[in-house]
Amino acid sequence: MAAATEQIQTNSKLRFFESRTLRRFVRHRLAITGLVMIVGIGILCVVGPWLLPHDMLDINIRDRFSPPLTDTFIMGTDEMGRDLAARLFMAGRVSLMVGIAAMILSTLIGTVIGLVAGYFGKVTGTVLMRLTDSFLCFPQIFLLLTLAAFLEPNAFMITLIIAVTSWMEVARIVSAEIRSLRERDFITAARISGASHRWIMFRELLPNTIGPIIVAATLTIAKAILLEAYVSFLGYGIQPPMPSWGNMLNNAQQFLDTAPWLAIIPGIAITAAVTSFNFIGDGLRDALDARSDAQ
Amino acid sequence: MARFILHRLGHSLLLLFLVSLIGYTILHLAPGGPLSQYALSPGMTQAELNQIAERMGLNRPIPIQYLDWFTSFLVGDWGESFRDGRPVLSVISGHLFATVLLVVSSSVISIGLGTLVGVLGATRRYSAWDYIATVGAMIALSIPTFWFGLVAIYVFSLQLDWFPSGNMYSIGDESFLDYAHHLVMPSVVLALVSVAIWSRYMRSAMLDVIGQDFVRTARAKGLTGQRVLYRHVVRNALIPMITLAGIQLPMLLSGALVTETVFTWPGIGRLFLDSLGYNDYPVIMGVLMFTAIFVLLGNLIADILVATVDPRVRLE
Amino acid sequence: MTKVLTVEDLTISFGTGDSELTVVHKVNFTLEAGKTLALVGESGSGKSVTSLGIMRLLSPSQSRVQGKIVLHSDEDIDLLSLSESRMRRLRGDRIAMIFQEPLTSLNPVYTIGDQIIEAIRSHRRMSKRNARQRAIELIDQVGIPDAEHRLGTYPHELSGGMRQRIMIAIALALEPDILIADEPTTALDVTVQAQILELLNRLQEETGMAMLFITHDFGVVADIADRTIVMYAGEMVEEGSTETVLERPLMPYTSGLMRAVPKLETAGLKEGDLESIEGFVPHPDNRPTGCSFHPRCTHALAGTCDVPPVPIEDAGDGHLVRCKRWKTLQEAAE
């Protein structure tokens, strides 16, 4: 019986991959723009450092503060004469990795909490959702900085802290979805047929919430990249010499008058990467929403 | 109405309790916990530390310790700053004005501009304007506030010299105009993200309302287009926005911290960062709890406001 | 008899260019003072769109309304050639409308009084106090007790039937010449439905207004209408005095629709007498050639019914029918 209901559910499980959803996504101009942008940024960050003549750690005191397009320094150099382009690409690797890893972790936390809260309703659910609400009372940067100040600030820890402070939205979305699904016929059928809680939660309910989770996860990458940038800019995130888009801006303010490119270029990189993920998230949301066909 | 307010108040108090639990947990995450301030002083021996621990009641069971902390927290005893020994609450209130000034003026900008953009987007749906506003909002959401601040300083202070690059007033001036002059850039920078969010939500709230039957009734009554738009559509669309304003508060405070840093604005955010630099744990904890309470209060006020403007809510 | 509104060749389409869909096709009728005309049909037959078209409440950017809608007041006015601001002044004043969904048709954040007074004061220079007095009269007129008290209540505090009465009060506020009622009783309980119909009949006697009553329910038609038009797929398929249409329907669609209505009189009949018409109203972009109804018609004859044109014919006494086989079918029945 449980197998049979699962069979029925397989269809909606694969909803995202159905041609209609895919077609709506491909037709979404912004989403495709975002996808092209982020793939481009990704490739540059992976391949870029090999193509450039300078290592990101090479210090060229004589070439300090070279503006962009000076000799082989396409984006100029910083206060120590290091090649900005090389640093930007390496920083991109760090920032994107932190963003994606934090997304995976926070989505996992949020999904599990939302699933349990939504499925068990009553006491467990109420307690978990109130806990989620109270986490949302803290402004995220304040919470992040407090944790970062108490803990060793390395890339792993920053990822962990970002995840720990940004799972709430996914938890809310999942629990709301689960609560509405819980009363549906196929769940009742599975329950009557004696399926275990774990089976129902992970095999029946979870696959049906995958759409909203994917959307929220994409937008979480955007937020995580921004958060890393904020914390690193403020000096409590990724620590030099490891570059990240945020900590590259850390010193930029004091050289704003003489070397504005030090501030402008990394900021554009952050904005471009975050914009791409926001575009993709928007496209996914529209693509998964069957109503958008009518327009 | 009274019952409604009591209900919401109870809800907020429950959240306050949970918030305090989280706060207490983080406090104990600090290296050395509440003892850290003594552990850092030079020449402190372990024996002396143990003695202090006993005097502070740190060898009591954790729940007792928590209750002790929470009750003194409730009566306003938030500890003393490590830096200058002043009570945490008075340190915070000394920085409150600057943050409130910044947050309020930026909210005025974002609510005004965001509402306008949202209304225009909804009334001219699918127009070039609507498309630009949609894409623009998504990009605005993606710009790091601090970077936007840096660019603004570069353009409007360093290059054009229109506005000061930081601080809340010029020493020796401190007139209203001087404050206003200093306020422009930080409040606009802080408003950017909120304008984007506000305009998106306003647009979709407008579209929800425009499709409703009572708007058709209003038009069938022969009201002017303006009157239908403002009295029936915008007015109703603004109700969910009150809730949104409450929900957005934590984000606004996060943004304020970053903005205050970039513009050397003497608010709570700066206080917080400075305290982090000095490992001033009592102030760090105090600010963290203070912001959470600020958010709770903001949401409570939003709930009550919604109930006063939407007669349907009062009955529930 | 005084004509108050003449609709000539009213054609309404949505969309533009290649994707233009005609949902109402060459509809003609007149409304007379003190009389009620019913537009009957299934959902998708174009009857609601017709009423919104007359009110000019369809979005001008998404729809196209052609033909003539002439209001006979002091002079003849073609509503379709009016500027929006002149049309607005007529709307709610000379032509008023009530809708199917009383639960959602009132703005939840304003009191009943506000919403009635707003209607009055947007058309007449009147002090707030006088408008308030008028609102109390209206609430009283639509049969709600304790009128003065009701002014301060909010829509959600009233039942569906009460809210529909308020909608009627708003519509009657300026003593319109014409009231368009778009399925005003469909969402209500049967007993409340009867009360509302009775109220509308009474108000029509008191004010002498013309009524255009839109419904899918022949039971309601019998209670309220003087004349009846049956619509199908955007076209008029039968028109006549209500009595004639109900007793001697000529178009198979009309008789089919009537058999689909459960009625007290048919309750004793054996099973099978209550039947539904197979299939659905065709989508406007997929209209059958010839008679639009022929794919669902049990009497359809290949080579006849699927060949255009299918003109509307006079069967005598102003009884119009759009069916190529109405004579044959009538003879067979007799």
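This one's a predicted model, so the numbers in the text were calculated from it and none came from an experiment. (Residues numbered from 1 in each chain as written. Chains lettered and ligands numbered in written order. Predicted model: local features only at pLDDT ≥ 70, side-chain atom pairs only at ≥ 80, totals over all residues.)

Caption draft 1: Spotlight on the overall build of chain B. Scanning chain B from terminus to terminus reveals 13 helices and zero strands. Counting helices and strands in the order they occur from the N terminus, chain B gives α-α-α-α-α-α-α-α-α-α-α-α-α. Summarising its shape, the C-alpha atoms of chain B cover approximately 85 × 55 × 35 Å along the three principal directions. Every one of the 316 residues in chain B was classed for burial, and the buried ones make up 42%. For chain B, the share of sequence-separated contacts (at least 6 apart) that also reach a separation of at least 24 residues comes to 70%. (Helix = DSSP H or I, 4+ residues; strand = E, 2+ residues; numbered from the N terminus. Buried ≥ 20, exposed ≤ 12 C-beta atoms within 10 Å, placed from the backbone. Contact = placed C-beta atoms within 7 Å.)

Caption draft 2: Structural detail: the UniProt feature "domain: ABC transmembrane type-1" (unreviewed entry) in chain B. UniProt records the feature "domain: ABC transmembrane type-1" (unreviewed entry) for residues 96-306 of chain B in the present numbering. Summarising residues 96-306 of chain B: 83% helix, 0% strand, and an end-to-end C-alpha distance of 26 Å. (UniProt positions renumbered as here; feature names shortened; annotations may be inferred.)

Caption draft 3: Expanded view of the domain arrangement of chain B. All names here are of chain B. What the domain assignment reports for chain B is domain 1 (2-74) and domain 2 (88-309). When each unit is reduced to the centre of its C-alpha atoms, the spacing between domain 1 and domain 2 is 33 Å. Of the residues lining the interface, 14 residues belong to domain 1; the matching set on domain 2 comes to 12 residues. Among the secondary structure elements, those contributing two or more residues to the side of domain 1 that touches domain 2 are α1 (2-29) and α2 (36-39). Examining the composition of the side of domain 1 that touches domain 2, we find that 10 residues originate from one element, α1, more than from any other. Broken down by class, the residue content of the side of domain 1 that touches domain 2 amounts to nine nonpolar, four polar and one charged. (Domains from an automatic or database assignment. Nonpolar A, V, L, I, M, F, W, Y, C, P; charged D, E, K, R; others polar.)

Caption draft 4: Spotlight on helix α3 (residues 112-121) of chain C. Taken across its 10 residues, α3(C) has eight buried, putting it largely inside the fold. Structurally, α3(C) contributes buried residues whose contacts are with α4 (128-141), α5 (147-150) and α6 (160-172) of chain C.

Caption draft 5: Molecular detail of the packing of α1(B) against helix α12 (residues 281-309) of chain B. Residue and element names in this part refer to chain B. The N-to-C vectors of α1 and α12 enclose an angle of 165°; their axes lie 10 Å apart at closest approach. In terms of orientation, α1 and α12 fall into the roughly antiparallel class. Read as a crossing pair, α1 and α12 show a hand that is right-handed. Across the interface between the two elements, Phe4, Ile5, Arg8, Leu9, Ser12, Leu15, Leu16, Val19, Gly23 and Leu27 from α1 touch Met285, Leu288, Met289, Ala292, Ile293, Leu296, Leu300, Asp303, Ile304 and Ala307 from α12. (Axes fitted to C-alpha atoms, helices over the stretch in contact; angles between N-to-C directions. Parallel < 35°, antiparallel > 145°, perpendicular 65-115°, else oblique. Left-handed = near helix turned anticlockwise from the far one by under 90°.)

Caption draft 6: Quick peek at the UniProt feature "domain: ABC transporter" (unreviewed entry) in chain C. Mapped onto this numbering, the UniProt entry annotates "domain: ABC transporter" (unreviewed entry) at residues 5-258 of chain C. Between the C-alpha atoms that bound residues 5-258 of chain C there is a distance of 28 Å. The span itself is 37% helix and 27% strand.

Caption draft 7: Structural context of the pairing of strand β2 (residues 21-32) of chain C. Pairing geometry for strand β1 (residues 3-14) of chain C and β2(C), over eight bridges, is antiparallel. Across the sheet, residue C:Ile12 finds its bridge partner in β2(C), namely C:Val24. (Pairing = 2+ DSSP bridges.)

Caption draft 8: Broad picture of the sheet that holds strand β8 (residues 210-215) of chain C. All names here are of chain C. Taken in spatial order, the eight strands line up as β6-β7-β8-β3-β9-β10-β12-β11 in an open sheet, and their pairing is mixed. Of all the strands in the sheet, just β6 (95-98) and β11 (313-314) have a single pairing partner and so form its edges. Examined bridge by bridge, strand β3 (residues 36-40) and β8 share five bridges and lie parallel to one another. Following the sheet pairing, Ala38 is matched in β8 by Phe213.

Caption draft 9: Representation of the UniProt feature "transmembrane region" (unreviewed entry) in chain B within the structure. All names here are of chain B. Here, the residues flagged by UniProt with the feature "transmembrane region" (unreviewed entry) are residues 12-30, 96-119, 131-156, 176-198, 237-263 and 283-306. The span residues 96-119 carries 100% helix and 0% strand; its end-to-end C-alpha distance comes to 33 Å. Between the first and last C-alpha atoms of residues 237-263 the distance is 35 Å; the span itself is 96% helix and 0% strand.

Caption draft 10: Representation of helix α11 (residues 210-233) of chain A in the model. Residue and element names in this part refer to chain A. The terminal C-alpha atoms of α11, which comprises 24 residues, lie 34 Å apart, in line with the 34 Å expected from a rise of 1.5 Å per residue. Extensive coverage of α11 is indicated by the burial of 19 of its 24 residues. Once α11 ends, the next one or two residues include Gly235, with phi positive near 95°. (Expected span 1.5 Å × (residues − 1).)

Caption draft 11: How the structure looks around the packing of helix α3 (residues 29-51) of chain A against helix α13 (residues 261-288) of chain A. All names here are of chain A. Here α3 crosses α13 at 140°, and the two axes come no closer than 7 Å. Where α3 crosses over α13, the two elements pack in a sense that is left-handed. On α13, the residues touching Leu30, Ala31, Thr33, Gly34, Leu35, Met37, Ile38 and Ile41 of α3 are Ala272, Ala273, Thr275, Ser276, Phe277, Phe279, Ile280, Asp282, Gly283 and Leu284.

Caption draft 12: Expanded view of the interface of chain B and chain A. Taken together, the contacts link 40 residues of chain B with 41 residues of chain A. Of all the secondary-structure elements, those providing two or more residues to the side of chain B that touches chain A are α1, α6 (128-142), α7 (145-159), α10 (225-262), α11 (268-277) and α12 of chain B. Here the side of chain B that touches chain A is composed, by residue class, of 36 nonpolar, four polar and no charged.

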